[in-house]
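Chain by chain, the residues:
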Amino acid sequence: MTDVLVKTREKLNFIAGEWVGGTDAAENRSPSDTDDVIGLYTRASLDQAEAAIAAAGAALPAWAATSPQVRADILETVGVELLARREELGELLAREEGKVRAEAIGEVVRAGQIFKFYAQEALRVEGIAIASTRPGIRVEVRYEPVGVVGIITPWNYPIAIPAWKIAPALAYGNTVVFKPADLTPACGWELAEILSRAGLPAGAFNLVMGRGSVVGDVIARSPDVAAVTFTGSESTGRGIREIVAGRGAKIQQEMGGKSPLVVLDDADLANAIDCAIGGSVMSTGQRCTSNTRVIATPGIHDALAEGMAERTRGLRVGHALDAASQIGPVVDDKQMQVNLRYLGIADGEGAARLCGGEVLERETKGFFLSPAVYAGCDNSMTHVREEIFGPVVSVLKAPDYDAALAIANDFPLGLSSGICTRSLKYAEDFKSRSTSGMVFVNLPTAGVDYHVPFGGKKGSSYGSREQGRAAREFFTASKTAYTNPL
């Protein structure tokens, strides 16, 4: 780490290979303890965002032409350092975002694995040779970098989601302008600092922290940004999509979910409870894949709801760095107020609160909320229809499998879905007929692997899939070449 970064308290933007201060800076405080100041993070100005885009454009020709081995070595270097520093960076992530320490370390490990995976993908950028319909003509399909890529990431996975966007962008020869969430800049900054030392040419990777209304808007509107990949709220995503698609650039988006988990009478009850709670209120419910709609058939409904409530009451909510904590704090006061508003809505709609939903006092000043389980819910209730993004799970009753499937599919979002059953017949039918992008059988809907496609249907996602080899579709453009070998 350079001397200037050690000496300054303010964390700077990284533009054209240099650390640059912004027009102002904001304190980053821990949701577990609001007296814990993680750091002071500069905010980029409009001009600095434009400078970062210009730097990425200037670096593009050389980086796109760089040997795949060089790109692979750089990404491998980043992955190795992330894994080596998993404890340190995991602790930072827990302080900043509020995941309990074990989950935070797991997220850092995932980020490291992603970089190592795409290090190998950099060596596997393939083309296709196809026989022409005309004798003697050769036809090739080549995959080339799309150009300057704008990357806008959310606060709930502040190092894993940047990793699964930045790593493939660089692996396929693109240059990057990265804006982390304004609420959680620390993990994004640490990742940028590692990348700054990994051997990238100046301008190939740029970090611009700050408000979405400033930095994100510049990235979305710039004619020099060829592609934008965004993860965040549906409303913000819709606005960005209109801008980016309107100017003819590529856009890739993941915008949340409200995942259903169908539990049939023949399910293993203990496993179903594990899935229902593990996939909903854990991580403070702050996961887009959370199965917060649990739809049970009559023979198991009551036992499931009671078991979920009993399990939830036993969960320890506390400081993210406390080894006894199983659930950390809500990310900030704004999200806490959203959660409390929806709890009030659920109570007003007549749902039966079986447990939780209480603001908790702990030794430190933080945003602690006990996870809530509701029963007596139906699919027309507001708290069931809208994504809360908090530790609130709703249990619905369906008369049979077909009705449960219909309820699960009757939703404007479709990121992930799950079913708990011992029946191969119903499991296979659900995998086929569920209108979501990812399906889980006897598993929580919130656990995904990094080497396979990630994405949803309907309002959850837009554009091509993320992660795994599927990422090539977004981060490259195909070119068809014809040759007449005279």
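None of these values were measured; they are calculated from a predicted model.

S.K.: How would you summarise the nonpolar core if you had to cite specific residues and measurements?
M.R.: Ranked by size, the top nonpolar core spans 68 residues in total, and within it L82, F115, Y118, I166, L195, F205 and L207 carry the most contacts. With nine residues, helix 6 (residues 160–171) is the single largest residue contributor to this core. In this structure L82 touches L89, V108, A111, G112, F115, I159, L191 and I194, once residues within four positions along its chain are discounted.

S.K.: Explain the pattern of salt bridges residue by residue, including any values.
M.R.: Overall, the coordinates contain 30 salt bridges when judged by the stated rule. The residue R29 makes a salt bridge to E27 at a minimum N-O spacing of 2.7 Å. In this structure R29 comes out as partly exposed when scored by relative accessible area, which is 38%. Classification of E27 as partly exposed rests on a relative accessible area of 42%. Here D429 and R433 are joined by a salt bridge, their closest N and O atoms 3.0 Å apart. With D429 and R433 both in helix 15 (residues 424–433), this residue pair falls four residues apart, about one helical turn. You can call D429 partly exposed: its relative accessible area is 24%. R433 sits in the partly exposed class, given a relative accessible area of 40%. Through salt bridges with shared partners, one network takes in E81, R85, E88, E190, E193 and R197.

S.K.: Quick one: what's the story with the sheet that holds strand 22 (residues 438–441), residue by residue and with numbers?
M.R.: Spatially, 15-18-19-14-13-21-22 is the arrangement adopted by the seven strands of the open sheet, whose pairing is mixed. The outermost strands of the open sheet, each flanked by one partner alone, are strand 15 (352–355) and strand 22. Here the average twist between neighbouring strands, direction ignored, is 20°. By the bridge criterion, four bridges tie strand 13 (residues 260–263) to strand 14 (residues 293–296) in an arrangement that is parallel.

S.K.: Before we move on, can you summarise empty space enclosed by the protein with the specific residues and values?
M.R.: Within the structure shown, the criterion is met by three cavities of 30 Å³ or more. Its volume calculated, the largest cavity comes out at about 60 Å³. Considering the residues around the largest cavity, the lining is formed by 16 residues, among which P260, R293, L413, G414 and S416 are closest to the centre. A class-by-class count of the residues in the lining of the largest cavity yields four nonpolar, nine polar and three charged. Roughly 50 Å³ of internal volume is contained in the second largest cavity. Broken down by class, the residue content of the lining of the second largest cavity amounts to three nonpolar, five polar and three charged.

S.K.: Can you break down the packing of aromatic side chains residue by residue, with the values?
M.R.: Applying the stated rule across the entire model yields nine aromatic pairs. When the centroid spacing of 5.3 Å and the interplanar angle of 40° are considered together, the rings of W19 and W189 count as tilted. Of this pair, W19 sits in strand 3 (residues 18–20) while W189 sits in helix 7 (residues 185–196), placing them 170 residues apart in sequence. Both residues of the pair, W19 and W189, belong to the buried class. A centroid spacing of 4.5 Å and a plane angle of 35° characterise the contact between Y401 and Y426, whose relative ring orientation is tilted.

S.K.: Outline the sheet that holds strand 5 (residues 37–43), supporting the account with residue identities and numerical values.
M.R.: Read across the open sheet, the three strands follow the order 1-5-4; overall the sheet is mixed. If you trace the sheet from one side to the other, it starts and ends with strand 1 (10–11) and strand 4 (24–29), each paired once. Inspection of the sheet shows strand 4 paired to strand 5 by six bridges, in the antiparallel sense. Across the sheet, N28 pairs through a bridge with G39, a residue of strand 5. Lying over the sheet, helix 7 contacts strand 1, strand 4 and strand 5, oriented at roughly 70° with respect to strand 5.

S.K.: Before we move on, can you summarise the pairing of strand 5 with the specific residues and values?
M.R.: The buried count for strand 5 comes to six of seven residues, which makes it a mostly enclosed element. Looking at chain direction, strand 1 and strand 5 are connected through two bridges and run parallel. Note that in strand 5 the partner of K11 across the bridge is Y41.

S.K.: Give me the layout of surface pockets: which residues, what numbers.
M.R.: Considering only enclosed or pocket space, the second largest pocket measures out at about 320 Å³ in volume. In terms of lining residues, the second largest pocket is bounded by 18 residues, among which R110, Y157, R287, A446 and G447 are the most central. Those elements that provide at least two residues to the lining of the second largest pocket are helix 5 (101–121) and helix 6. Per-element tally for the lining of the second largest pocket: the top contributor is helix 5, with four residues.

S.K.: Can you lay out the environment of E363 for me, pointing to particular residues and giving the numbers?
M.R.: When you line up the elements, E363 lands in the loop between strand 16 (359–360) and strand 17 (368–369). Residue classification places E363 among the exposed positions, given a relative accessible area of 86%. For E363 and A227, which are 136 residues apart along the polypeptide, the C-alpha to C-alpha distance reads 46 Å.

S.K.: Residue-level account of unusual backbone geometry, with values.
M.R.: At T284, a position not held by glycine, the phi torsion is positive, near 60°. Relative to the helices and strands, T284 is located in the loop between helix 10 (269–278) and strand 14. With relative accessibility at 2%, the residue T284 sits in the buried group. The backbone of K458 sits at a positive phi, close to 55°, despite the residue not being glycine. As for its placement among the helices and strands, K458 is situated in strand 23 (residues 457–458).

So, how was this worked out
Residues numbered from 1 in each chain as written. Predicted model: local features only at pLDDT ≥ 70, side-chain atom pairs only at ≥ 80, totals over all residues. Heavy atoms only, no water. Core = buried A, V, L, I, M, F, W, Y, C linked by side-chain atoms within 4.5 Å. Buried < 20%, exposed > 50% of the residue type's maximum accessible area, 1.4 Å probe, protein only. Helix = DSSP H or I, 4+ residues; strand = E, 2+ residues; numbered from the N terminus. Contact = heavy atoms within 4.5 Å. Salt bridge = Lys/Arg side-chain N within 4 Å of Asp/Glu carboxyl O. Pairing = 2+ DSSP bridges. Axes fitted to C-alpha atoms, helices over the stretch in contact; angles between N-to-C directions. 1 Å grid on protein atoms, 1.4 Å probe; cavity = no way out; pocket = protein on both sides within 12 Å on 5 of 7 lines; lining within 4 Å. Points joined across faces, edges and corners; volume = space filled by probe spheres on them. Nonpolar A, V, L, I, M, F, W, Y, C, P; charged D, E, K, R; others polar. Phe/Tyr/Trp six-rings, centres within 6.5 Å; stacked < 30°, edge-to-face > 60°.

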